[in-house]
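# Coordinates in review
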Amino acid sequence: MSWCVKSLSLICQQIKNPQLTCVRNRYHAEKIAKGPLLRRYGYRDRILQSGTLPHVDGPRLPMPVYRPKNAWCEKRALFGQNDYIDILGNGDLHPTRIMYNVQSWLRGVKGNEYQILLRKRKIFSKGIVPIARPTKWRDLNKRISYLYRFLNEKTKTGMPSN
Amino acid sequence: MAVVNRIYLFSRISITPKILLDPINRVCGGRRFDSTSVSSDGEVSNSSLSTTPIIRRTLACPPEYKRVQQAWVENLNTVEEQKLGLIDLHPDVFGAQPRIDIIHENVEWQTKYRKVRYDHTKTRAEVRGGGRKPWPQKGTGKARHGSIRSPLWRGGGIAHGPRSPQTYFYMLPFYTRVHGLISCLSIKLAQDDLHVVNSLEIPTDDPKYIEDLVENRNWGPSVLLVDEIDIMPRNITAATDSILHINLMPVYGLNVFSMLKHDTLVLTMAAVNRIEEKLLYQLNRPDFMDVTKKFMLNQNG
């Protein structure tokens, strides 16, 4: 019998003091301060928002081991040496004559593909390439003919008119 | 410093009559160059305080309205620094305005002008095969094609790919390079990164000696030692061989990139003389129009 009275009294108390849950905010700032509303409770979003590796559960992708470049190997430590040899050394020796890492016919050469190919043909025609590499030689000549027609018929040539 | 200089001249004139030519050279202001333009002698000083020879250096043609730069002459014989003298440096070479933009241009040029790209792709004409029309124009329900090596096809040629060799060569104007060197030397001197040494002789060929020396004198971690000619004393070559960040270079190999890469620049007296002689000549040469011409290929530079 006592539990009946207790439960009855509890109900009366709840009617007298109802539990209030605020559903609306008085100020916008309070709404923002509470943070985003939790929706779809229990749902796990399968998009990884952080981290670098795509597979977190399971075997990781192989990343190469970081090997820093040796900034003081001989090539890098003495880079640029002798570039000013015509100023600080013999005035007749131009830096283009010391560009030993570049093929001899390319030292001091700048141009578009057509100009480079013309120079290549002029220099290689004296050697063994036309006889020993006929396909390559033929391809070179074909490319030069194609570029000649393309640059003269399909692109503007000469100085601008205005 | 002016007071000391005046006293020095006074004492020199009383000793040798050859010095009478010096004031004449200064007054005339002529830009005459001969191999004996500067005198670096270690003669005994007149003062009764010391008997060790003091290294001196007078400029043959100092400019009238610019302050002369100066640097201590140190030794490499001992780990501790010993100052052997104070020398004059020409302000046009070591006291010029530091032009950061010119230095940047020089560094860019040094990085790029030797670069050649060798990557290459074949066009549809060069790829093996692809001469025949794969199927008739009409009738089959397939798309129309002329060759199996067109850029649309798998395994076909590349239409606008890299075509080797591609060069990035260009030459900076001559005096841009000269001023790059001058700016860099001036900056090194102004920032206390330039040291003058009497010679590159060291007592041992132990790398540890050089490391202790650099550590003791607070020279930067990387040091560039410059001598006049490319044959260096044996001990220093052996000692710096194993240390990768301490390098030896002759005067003709000096360049802006190396000067910026190495923290400290150490010049010998002979190197200072040679650098100054060369750069002052380039600044004042009568045939400058010949060197400022555009670079033409196959004309011996």
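Fair warning: this is a prediction, and the values are worked out from it, not measured in the lab.

Before going further, it helps to examine the overall build of chain B. Helix and strand content of chain B: ten helices and eight strands. The buried share of chain B, reckoned over its 301 residues, is 39%. If you take every contact in chain B between residues at least 6 apart in sequence, the share linking residues at least 24 apart comes to 71%. Accessible area for chain B stands at about 17,300 Å²; split by element, carbon and sulfur atoms hold 55% of it.

Often the size quoted for an interface is simply the accessible area lost on bringing the parts together. Residue and element names in this part refer to chain A. According to the domain assignment, chain A consists of domain 1 (73–108) and domain 2 (109–154). Between domain 1 and domain 2, the C-alpha centre-to-centre distance is 28 Å. Across the contact, four residues belong to domain 1 and seven residues belong to domain 2. Carbon and sulfur atoms make up 69% of the surface buried where domain 1 meets domain 2, a total of about 480 Å² over both sides. One can count zero salt bridges joining domain 1 with domain 2. For the pair domain 1 and domain 2, the interface holds three residue pairs in polar contact (both at pLDDT 80 or more). Looking at the side of domain 1 that touches domain 2 residue by residue, the class counts come to two nonpolar, one polar and one charged.

For the rest of this paragraph, the subject is helix 5 (residues 113–124) of chain A. With twelve residues, helix 5 of chain A should reach 16 Å at 1.5 Å per residue; the first-to-last C-alpha distance of 16 Å fits that figure. Buried within helix 5 of chain A we find Tyr 114, Ile 116, Leu 117 and Arg 119 of chain A. Those residues of helix 5 of chain A that are buried are in contact with helix 7 (134–153) of chain A together with strand 4 (166–167) of chain B.

This part is about the side chain of Asn 255 of chain B. Mapped onto the secondary structure, Asn 255 of chain B falls in the loop between strand 7 (246–250) and helix 8 (256–261). With a relative accessible area of 0%, Asn 255 of chain B lands in the buried category. Polar side-chain contacts of Asn 255 of chain B include one of 2.8 Å to the backbone nitrogen of Ser 258 of chain B. Residues in contact with Asn 255 of chain B, not counting those within four places in the same chain, are Phe 79, Gly 80, Gln 81, Asn 82 and Tyr 84 of chain A together with Gln 110, Leu 181 and Met 249 of chain B.

Right, let's get into the packing of aromatic side chains. As enumerated under the stated definition, the model contains nine aromatic pairs over all chains in all. Note on Phe 79 of chain A and Phe 257 of chain B: the rings are 4.8 Å apart at their centroids and 65° apart in plane angle, and the pair reads as edge-to-face. Within this pair, whereas Phe 79 of chain A is found in the loop between helix 3 (74–77) and helix 4 (85–88), its partner Phe 257 of chain B is found in helix 8, the two belonging to separate chains. With a centroid separation of 5.2 Å and 85° between ring planes, the pair formed by Phe 174 of chain B and Tyr 175 of chain B is classed as edge-to-face. Neither residue differs from the other here; Phe 174 of chain B and Tyr 175 of chain B are each classed as buried. Three or more aromatic residues link up through ring pairs in this structure, and these residues are Tyr 84 of chain A together with Trp 109, Tyr 113, Phe 169 and Phe 295 of chain B. Geometry around Tyr 43 of chain A places Arg 40 of chain A over its ring, the cationic atom sitting 4.2 Å from the centre. Between the NZ or CZ atom of Lys 261 of chain B and the centre of the ring of Trp 72 of chain A, over which it lies, the distance is 4.5 Å.

About the cut-offs
Residues numbered from 1 in each chain as written. Chains lettered and ligands numbered in written order. Predicted model: local features only at pLDDT ≥ 70, side-chain atom pairs only at ≥ 80, totals over all residues. Heavy atoms only, no water. Helix = DSSP H or I, 4+ residues; strand = E, 2+ residues; numbered from the N terminus. Buried < 20%, exposed > 50% of the residue type's maximum accessible area, 1.4 Å probe, protein only. Contact = heavy atoms within 4.5 Å. Areas by Shrake-Rupley, 256 points an atom, 1.4 Å probe, with all protein chains shown as cover. Domains from an automatic or database assignment. Buried area = accessible area lost by both parts, 1.4 Å probe. Salt bridge = Lys/Arg side-chain N within 4 Å of Asp/Glu carboxyl O. Polar contact = N/O pair within 3.5 Å; in protein donor to acceptor, adjacent residues only side chain to side chain. Nonpolar A, V, L, I, M, F, W, Y, C, P; charged D, E, K, R; others polar. Expected span 1.5 Å × (residues − 1). Phe/Tyr/Trp six-rings, centres within 6.5 Å; stacked < 30°, edge-to-face > 60°. Lys NZ or Arg CZ within 6 Å of the ring centre and 35° of its normal.

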